[in-house]
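Notes for the structure review
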Amino acid sequence: MKSYLDTAPSEKGRGSKLPGSGGRARPSAKRLSLIAVAVAIVVAIGELIMPARVDVPASGKPFTVPDLGLEMRPIPAGTFRMGSPAGEPGRNPDEGPQTWVAISQGFWLGKTLVTQGQYQDVMGNNPSNFADVGDDAPVEMVVFDDAVAFCQKLTERERAAGRLLKRGYAYMLPTEAQWEYACRAGTTQARYGNLEDIAWYVGNSGDTTHPVGQKQPNAWGLYDMNGNVREWCSDWYGQYPGGNITDPGGPDSGALRVSRGGGWCGTANLCRSAYRGVGAPGDRNLNLGFRVALAPVR
Ligand SMILES: [Ca+2]
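Residues numbered from 1 in each chain as written. Predicted model: local features only at pLDDT ≥ 70, side-chain atom pairs only at ≥ 80, totals over all residues.

Quick look at the overall build of the protein now. Across its full length, the protein carries 5 helices and 12 strands. Burial analysis of the protein (298 residues in total) assigns 36% to the buried set. For the protein, restricting intrachain contacts to residue pairs at least 6 apart in sequence, the fraction spanning at least 24 positions comes to 70%. (Helix = DSSP H or I, 4+ residues; strand = E, 2+ residues; numbered from the N terminus. Buried ≥ 20, exposed ≤ 12 C-beta atoms within 10 Å, placed from the backbone. Contact = placed C-beta atoms within 7 Å.)

Turning our attention to the sheet that holds strand S9 (residues 257-260). In space, the 4 strands of this open sheet follow the order S10-S9-S7-S11, with mixed pairing throughout. The open sheet has two free edges, formed respectively by strand S10 (276-279) and strand S11 (288-289), since each of these has just one partner strand. Pairing of strand S7 (residues 230-236) with S9 involves 3 bridges; the strand directions are antiparallel. Along S9, the bridge assignment pairs glutamate 231 with arginine 260. (Pairing = 2+ DSSP bridges.)

This next bit is on helix H2 (residues 116-123). Burial in H2 covers these residues: Gln116, Gln118, Tyr119 and Val122. Down the axis of H2, the buried side of the element spans an arc of 160 degrees, and every buried residue falls inside it. Summarising the contacts, the buried residues of H2 are in contact with strand S2 (70-75) and helix H3 (144-160). (Arc of directions from axis to C-beta.)

In space, the 5 strands of this open sheet follow the order S1-S2-S5-S12-S6, with antiparallel pairing throughout. A strand with exactly one partner marks an edge of an open sheet, and here the two such strands are strand S1 (63-65) and strand S6 (169-172). Pairwise comparison of adjacent strand axes, ignoring direction, gives a mean angle of 35 degrees for this sheet. Inspection of the sheet shows strand S5 (residues 107-110) paired to strand S12 (residues 293-296) by 2 bridges, in the antiparallel sense. Looking across to S12, one finds that leucine 109 is bridged to alanine 293. Each of S1 and S6 touches H3; the most contacted strand, S6, lies at about 145 degrees to it. (Axes fitted to C-alpha atoms, helices over the stretch in contact; angles between N-to-C directions.)

Attention now moves to the nonpolar core. Among the nonpolar cores identified, the biggest contains 56 residues, and Leu109, Ala147, Cys151, Leu173 and Ala293 are the most heavily contacted of them. Residues in contact with cysteine 151, not counting those within four places in the same chain, are Tyr171, Met172, Leu173 and Val292. (Core = buried A, V, L, I, M, F, W, Y, C linked by C-beta atoms within 7 Å.)

With that settled, the discussion passes to the environment of glycine 90. Relative to the helices and strands, glycine 90 is located in the loop between strand S3 (78-82) and strand S4 (99-103). Put simply, glycine 90 and asparagine 269 are 179 residues apart on the chain and 5.0 Å apart in space, counted from C-alpha to C-alpha.

Here we come to unusual backbone geometry. The peptide bond linking glycine 96 to proline 97 adopts the cis configuration, its omega dihedral lying at 0 degrees. On the secondary structure map, proline 97 appears in the loop between S3 and S4. Even without a glycine there, the phi angle at methionine 141 is positive, about 60 degrees. Owing to 19 C-beta atoms within 10 Å, methionine 141 belongs among the partly exposed residues under this scheme. One non-glycine residue with positive phi stands out, namely alanine 185, at about 45 degrees. With respect to the helices, strands and loops of the structure, alanine 185 is situated in the loop between helix H4 (176-184) and helix H5 (195-198).

Here we take up the confidence of the model for the protein. Across the protein, the average pLDDT comes to 88, with 85% of residues at 70 or higher. Below pLDDT 50 for its whole length, residues 1-23 participates in 9 contacts with residues either more than four positions away or in separate chains. (pLDDT = per-residue confidence, 0-100.)

In this structure, glutamate 71 sits in strand S2. When residues no more than four places from it in sequence are discounted, the contact partners of glutamate 71 are Pro62, Thr64, Lys111 and Thr112.

This part covers the packing of H2 against H3. Direction vectors running N to C along H2 and H3 enclose 65 degrees, while the axes themselves pass 10 Å from each other. Between H2 and H3, the angle is such that the two are roughly perpendicular. You can see that H2 and H3 cross each other, and the crossing is left-handed. Contacts between H2 and H3 involve Tyr119, Val122 and Met123 from the former and Phe150, Lys153 and Leu154 from the latter. (Parallel < 35°, antiparallel > 145°, perpendicular 65-115°, else oblique. Left-handed = near helix turned anticlockwise from the far one by under 90°.)

Sheet topology note: the S3/S4 ladder contains 5 bridges and is antiparallel. Counterpart to methionine 82 in the pairing with S4 is threonine 99.

Printed below as a string of structure tokens:
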């Protein structure tokens, strides 16, 4: 009489029983060793063709671009009031009307300005005026397109390294709204701290840039947002609409670009969270650099 197992559908018609064994065929020792060898070969090939496990940006966590030492700080989604109130000392008219802005998705922003060393690594040249300040000084003398090209090359590098697994994110210049939101880090006054403590500006810079990260950071761990060098943003320059808007990216076209954050030769008035620098995209200035965002593709 056949056992239950013998009549199982998977065994039907295979002719796998050996005479007198009363059960299924067992693989020989030789066959087992062949299987072990095959498995080992598959694992070895897998290790060759699959990239080693990499640390990738995780929502809400700091991330460092390994090859570059470029540290990125997580910026949470949220809402803030963009621009300055009418009574803020040193205010310019284009800082109003104050506009409620919703940043709908979290992103990352460079903990520091892009340094000369990082720029050299990615772009293969260093256009900076203050090259003698060293690799850790912010890159300057970069036009808008240079800053965008840096972001694109970095995105390609990181994608090739398997570290851009979060769908739809890429390295790019921050929007003006992302920049001010991150600069304020929840603050509403003119600056996120005492000017002397947070910024290299005309009053303390000695007429030069300084290595990044030496002054006090803001509450979200960002350095030199005010002072050291101004920072290209992605927007064309335009007027604020007032009211409430979500994820603004500036006008669709224009002649002038926005740069933010004051610089080593800027007055105290320029080193305010709401201050808007304006210039032609081709401006090449020894107090103008950039920092990168890792943000949803727009
Ligand atoms: Ca700055």
